[in-house]
Amino acid sequence: MPAYDYRCQTCGQELELVHRMSETVTTSAHTDPLSGLACEGPLERLIASVGLAKSVGSSVSDGQLQRAGFTKYVRGAKGYEKAFGPDRTPNFVQRE
Ligand SMILES: [Zn+2]
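Given the structure is predicted, the values throughout are model-derived calculations rather than measurements.

1. A short note on the sheet that holds strand 6 (residues 72–75)
Here comes step 1: Pairing within the open sheet is antiparallel, and its 3 strands lie in the order 6-7-8. In this open sheet, the two strands that pair with only one neighbour each are strand 6 and strand 8 (92–94). On average, adjacent strands in this sheet sit at an angle of 30° to one another, irrespective of strand direction.
Here comes step 2: The pairing of strand 7 (residues 79–84) with strand 8 spans 3 bridges and is classified as antiparallel. Counterpart to Tyr80 in the pairing with strand 8 is Val93.

What follows is the structure, given as structure tokens:
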């Protein structure tokens, strides 16, 4: 399962949590790095491009790929047509 980086919105502590891509963790007990006290503040997820790159090809949504700058081609009768992607990429790729 992939690891995700989170930051506590109360104390700023960063945590790495492992869970399924479809899940989001909102709180997790940790230690406030300044006071040393237990904290259960709300967590915000930090988007890590490394995590996204690792999971390409499994279950990343088209929207995530598009935002990350990937180009997607869909196979047609004569070749591959671009579904989305940067303007510099060709709209059609001929099958060899
Ligand atoms: Zn905290």
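2. Concerning the sheet that holds strand 2 (residues 14–18)
Here comes step 1: The sheet built from 3 strands is open, its strands ordered 2-1-5 with antiparallel pairing. The outermost strands of the open sheet, each flanked by one partner alone, are strand 2 and strand 5 (43–46). Averaged over neighbouring strand pairs, the angle between their axes works out to 40° when direction is ignored.
Here comes step 2: Here strand 1 (residues 3–8) runs beside strand 2; their pairing, made up of 5 bridges, is antiparallel. Bridge pairing in strand 2 places Ala3 opposite Val18.

3. Regarding the coordination of the zinc ion
Here comes step 1: Summarising the metal site, the zinc ion is bound by the protein donors Cys8 (SG), Cys11 (SG), His30 (NE2) and Cys39 (SG), whose distances to it range over 2.2 to 2.3 Å.
Here comes step 2: In this structure, the zinc ion is surrounded by 4 donor atoms whose angles at the metal cover 101 to 123°, and the resulting shape is tetrahedral.
Here comes step 3: Mapped onto the sequence, the residues coordinating the zinc ion show the spacing C-x2-C-x18-H-x8-C. With Cys11 in the loop between strand 1 and strand 2 and Cys39 in strand 4 (residues 38–39), the pair connects residues that are 28 residues apart, well separated along the chain. When sorted by exposure, Cys11 lands in the same class as Cys39, which is buried.

What counts as what
Residues numbered from 1 in each chain as written. Predicted model: local features only at pLDDT ≥ 70, side-chain atom pairs only at ≥ 80, totals over all residues. Heavy atoms only, no water. Pairing = 2+ DSSP bridges. Helix = DSSP H or I, 4+ residues; strand = E, 2+ residues; numbered from the N terminus. Axes fitted to C-alpha atoms, helices over the stretch in contact; angles between N-to-C directions. Donors = N, O, S within 2.8 Å, 3.2 Å for Na, K, Ca; no water. Tetrahedral: all angles 85-135°; square planar, octahedral: opposite > 155°, others 65-115°. Buried < 20%, exposed > 50% of the residue type's maximum accessible area, 1.4 Å probe, protein only.

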